[in-house]
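# Reading the structure
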Amino acid sequence: MLRKPFLVIVLGAMVACGGSNKTDTPPTAPPPPEKKATVSSAAFGELPNGSAVTIYTLTNTNGVEVRTIPYGAILVSVRVPDKAGKVDDVVLGFDRLDGYLGAHPYFGAIVGRYGNRIAKGSFTLDGQTYSLATNNGPNALHGGLKGFDKKMWTAELVDHEGNVGVIYRGESPDGEEGYPGNVKVQVTYTLTRNNELSVEYEASTDKATPVNLTQHSYFNLAGEGRGDILGHRLTIDADRFTPVDATLIPTGDQVAVENTPFDFRRATPIGARIDADDEQLHHGGGYDHNWVLNRDRDGLIHAARLEEPASGRTLDVSTTEPGLQFYAGNFLDGTIKGKSGHVYAKRSGLCLETQHFPDSPNHAGFPSTILRPGERFRSKTVFTFGVTK
Ligand code: BGC
């Protein structure tokens, strides 16, 4: 007696439920899987010593995909949509690890311990003179013969509330490439849901040393391998730049950009003045200079904006650094075959390297690049990809 009413109720409920399904609402398809940012790993090859190199792929839900390897903490590809939604890879580089192991001008790499030039490979710090390899005419460039761009970093993957990334860590022993102090470095790439690729640097040392780290991607917003960057429109938020001598070492002056081909305070096609008869442009074979960013406060400030008119792609660069080296790819000469066999001709990609000024250890008037024991080096740059309306 006790069981009967219970059964009736249950059956009744089932019947009522089934009936209402049939008559009122058609069966619904299962909801599409929720779109998610992802981070994944795959094999990319081996170093000559047999170490495996993994490639990490970061994606967000807007169709942006960034691939990076721990060798050189290199950004291998950055795929972003254009204004019609068509996705292209906007950085120069190689399809395979071999390309990155061969000679190339720092495609996609993290550059250090000192990005940019140090005059005659020499600086004096706390009364001691240090000698570095001169690997760029009479000067030291980008950390030496085996800089951070050729280092194998450890990797830790991050996946946090729609932001995906990789933390690379490395050590640079005392005396490496002539620099003093054991330096520990960490570089974090994060791809956000807002199409920002942020690069955060941290470092510490046990002896005073210069540190100047930067990201050396060559951008072409039309897509890598699609011609030169002369039609890209560039804005740089800087009233002054640091003129250089014929070997690209700053004279120490900070000169107004007004009435010079270095005035990018309003969006201007890169090609408009790059071959002007100007002594500074002759020294660089085009733009290869440091701009002094207009800074009215500490922290992240907008530094530059790049726009490619045909694709509508845009790139905004913000940074905590005082300077921006805009290098127009003048020394690319068609001898490198990159992705899909594309020949990288002169000015087929450009670098926007946020950093301290070149040769700072030899210029007391420039912001200091010296990191001392007990201090923590922190720097951040954000590359934000978008499209014109
Ligand atoms: C420098 C150029 C150099 C290039 C590749 C850039 O950061 O400014 O002068 O040719 O790196 O080494």
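Remember, it's a predicted structure, so these values are computed and weren't measured experimentally.

Criteria and cut-off values
- Residues numbered from 1 in each chain as written.
- Predicted model: local features only at pLDDT ≥ 70, side-chain atom pairs only at ≥ 80, totals over all residues.
- Heavy atoms only, no water.
- Helix = DSSP H or I, 4+ residues; strand = E, 2+ residues; numbered from the N terminus.
- Buried < 20%, exposed > 50% of the residue type's maximum accessible area, 1.4 Å probe, protein only.
- Contact = heavy atoms within 4.5 Å.
- Areas by Shrake-Rupley, 256 points an atom, 1.4 Å probe, with all protein chains shown as cover.
- Lys, Arg positive; Asp, Glu negative; His and termini not counted.
- Charge placed at Lys NZ, Arg CZ, Asp CG, Glu CD.
- pLDDT = per-residue confidence, 0-100.
- Pairing = 2+ DSSP bridges.
- Near = heavy atom within 4 Å.
- Polar contact = N/O pair within 3.5 Å; in protein donor to acceptor, adjacent residues only side chain to side chain.
- Nonpolar A, V, L, I, M, F, W, Y, C, P; charged D, E, K, R; others polar.
- Phe/Tyr/Trp six-rings, centres within 6.5 Å; stacked < 30°, edge-to-face > 60°.
- Lys NZ or Arg CZ within 6 Å of the ring centre and 35° of its normal.
- Salt bridge = Lys/Arg side-chain N within 4 Å of Asp/Glu carboxyl O.

Another aspect to go through is the overall build of the chain. Secondary structure assignment for the chain yields three helices and 27 strands. For the chain, the spread of C-alpha atoms along the principal axes amounts to about 100 × 45 × 45 Å. Expressed as a percentage of its 389 residues, the buried residues of the chain come to 52%. Sequence-distant contacts, at least 24 apart, represent 65% of the contacts inside the chain between residues at least 6 apart. Total accessible area on the chain is roughly 17600 Å²; 53% of this is exposed by carbon and sulfur atoms. Between the centroid of the 39 positive side chains of the chain and the centroid of its 45 negative side chains there is a distance of 7 Å.

Below, the discussion takes up the confidence of the model for the chain. When the pLDDT values of the chain are averaged, the result is 93; 92% of them are 70 or greater. Scored below 50 in pLDDT, residues 1-23 shows one contact in the model against residues more than four places distant or in partner chains.

Let us look at the sheet that holds strand E21 (residues 288-293). Spatial ordering of the open sheet is given by E19-E18-E21-E24-E25, a layout of five strands whose pairing is antiparallel. Across the chains shown, the open sheet's two edge strands, defined by having one partner strand only, are strand E19 (255-256) and strand E25 (351-355).

Attention now goes to the site of the ligand. As a matter of local geometry, the ligand sits amid Pro 105, Tyr 106, Arg 117, Leu 141, His 142, His 216, Tyr 218, Asp 288, Gln 325, Tyr 327, Phe 331 and Glu 353. Within the side chain of His 216, an N or O atom sits 2.8 Å from an oxygen atom of the ligand. Starting from 310 Å² of accessible surface for the ligand in isolation, the protein chains cover 94%. Residues of the shell around the ligand, tallied by class, amount to six nonpolar, three polar and three charged.

Here the distance between the centres and the angle between the planes together describe a pair of aromatic rings. The tally for this structure, following the rule as stated, stands at 23 aromatic pairs. For the pair Phe 148 and Trp 153, a centre-to-centre distance of 5.9 Å together with 85° between the ring planes defines the contact as edge-to-face. Residue Phe 148 is classed as buried on the basis of its relative accessible area of 3%. Within the aromatic cluster, the residues linked to one another by ring pairs are Phe 94, Tyr 100, Phe 107, Tyr 218, Tyr 327, Phe 331 and Tyr 344. The ring of Phe 264 carries the charged tip of Arg 273 above its face, separated from the ring centre by 4.8 Å.

With respect to the helices, strands and loops of the structure, Gly 121 is situated in the loop between strand E7 (117-118) and strand E8 (122-125). For Gly 121, a relative accessible area of 1% puts it in the buried group. Along the sequence, Gly 121 and Val 387 sit 266 residues apart, while their C-alpha atoms lie 42 Å from each other.

In this section: the pattern of salt bridges. A side chain of one charge can pair with a side chain of the opposite charge if their charged atoms are brought near each other. Under the counting rule described, the total for this entry stands at 20 salt bridges. Among the ionic pairs, Arg 372 bridges to Asp 126, the shortest N-O distance being 2.9 Å. Of this pair, Arg 372 sits in the loop between strand E26 (370-371) and strand E27 (377-387) while Asp 126 sits in the loop between E8 and strand E9 (128-131); the two residues are 246 residues apart in sequence, bridging distant segments of the chain. For Arg 372, a relative accessible area of 32% corresponds to the partly exposed category. Note on Asp 126: relative accessible area 58%, which makes it exposed. As a salt-bridge pair, Glu 307 and Arg 305 come within 3.1 Å of each other at their nearest N and O atoms. The class for Glu 307 is buried, based on a relative accessible area of 18%. The network of salt bridges with common partners includes Lys 86, Asp 88, Arg 226 and Arg 313.

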